[in-house]
Amino acid sequence: MSDHTKTEAAEAELFAFLDRIGVAHRTLRHPAVFRVEEGREIKAALPGGHTKNLFLKDAKGRLWLVSALGETAVDLKALPAAIGAARLSFGSEALLEQTLGVRAGSVTAFALFHDREHKVTLVLDAALTACAVVNFHPLTNTATTAVSREGFAAFLHALGVTPILVDFARSPPVVV
């Protein structure tokens, strides 16, 4: 099975899961987006909070996924003290694929769908929870999927994921 076919199958499985748990979603297809700065026209077509997602590993081997508003500054040197982590660095692409089933450039909170063993701890930007609609890649960076704040909370609840809420606007960042 090609990587493209695998991605399409995983995306279809994600959408079926969202449908099954009653989470309305809207997806916009677009050229691949690799960085937050790209895709201004995509953001204009899908209102709401657009995200950046960082897959991290700490010095003790714990895995972390930070989901924040695209414009939020994430201080990776100050964050460990707030969340009880050791020194943080970016996780390798192999580890990302193994645990979340996505490739670099497609990191998304929706990939927690693949983390059946709950190896990854979600760190969620408190500012993101204030957005009525949130936008994430649906396991690929060639689309963006919008769900309501309540729909995203239902998605996390259905997975058994309780995020650590962090106020990144404070310096240093604090858990809220």
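Residues numbered from 1 in each chain as written. Predicted model: local features only at pLDDT ≥ 70, side-chain atom pairs only at ≥ 80, totals over all residues. Heavy atoms only, no water.

1. Focus on the overall build of the protein
In terms of regular secondary structure, the protein is built from five helices and nine strands. Secondary structure elements of the protein occur, N-terminal to C-terminal, as α-β-α-β-β-α-β-α-β-β-β-α-β-β. Within the protein, contacts between residues separated by at least 24 positions form 63% of all contacts whose residues are at least 6 apart in sequence. Accessible area for the protein stands at about 8,800 Å²; split by element, carbon and sulfur atoms hold 55% of it. (Helix = DSSP H or I, 4+ residues; strand = E, 2+ residues; numbered from the N terminus. Contact = heavy atoms within 4.5 Å. Areas by Shrake-Rupley, 256 points an atom, 1.4 Å probe, with all protein chains shown as cover.)

2. Thoughts on the side chain of Ser106
By the element assignment, Ser106 lies in the loop between helix 4 (93-100) and strand 5 (120-125). Polar side-chain contacts of Ser106 include one of 3.1 Å to the backbone nitrogen of Asn141. Not counting residues within four places of it along the chain, the set of residues in contact with Ser106 comprises Leu139, Thr140 and Asn141. (Polar contact = N/O pair within 3.5 Å; in protein donor to acceptor, adjacent residues only side chain to side chain.)

3. Remarks on the pairing of strand 2 (residues 49-58)
Each regular strand displays side chains that alternate between the two surfaces of the sheet. By the criterion of burial, strand 2 is predominantly enclosed, with eight of the ten residues buried. Relative to strand 6 (residues 133-136), strand 2 runs parallel, the two being bridged by two bridges. The partner of His50 across the bridge, within strand 6, is Asn135. Judged from the seven bridges that link them, strand 2 and strand 3 (residues 63-69) form a sheet pairing that is antiparallel. If you follow Leu54 over to strand 3, its bridge partner there is Val66. (Buried < 20%, exposed > 50% of the residue type's maximum accessible area, 1.4 Å probe, protein only. Pairing = 2+ DSSP bridges.)

These figures come from the coordinates and say nothing about function on their own.
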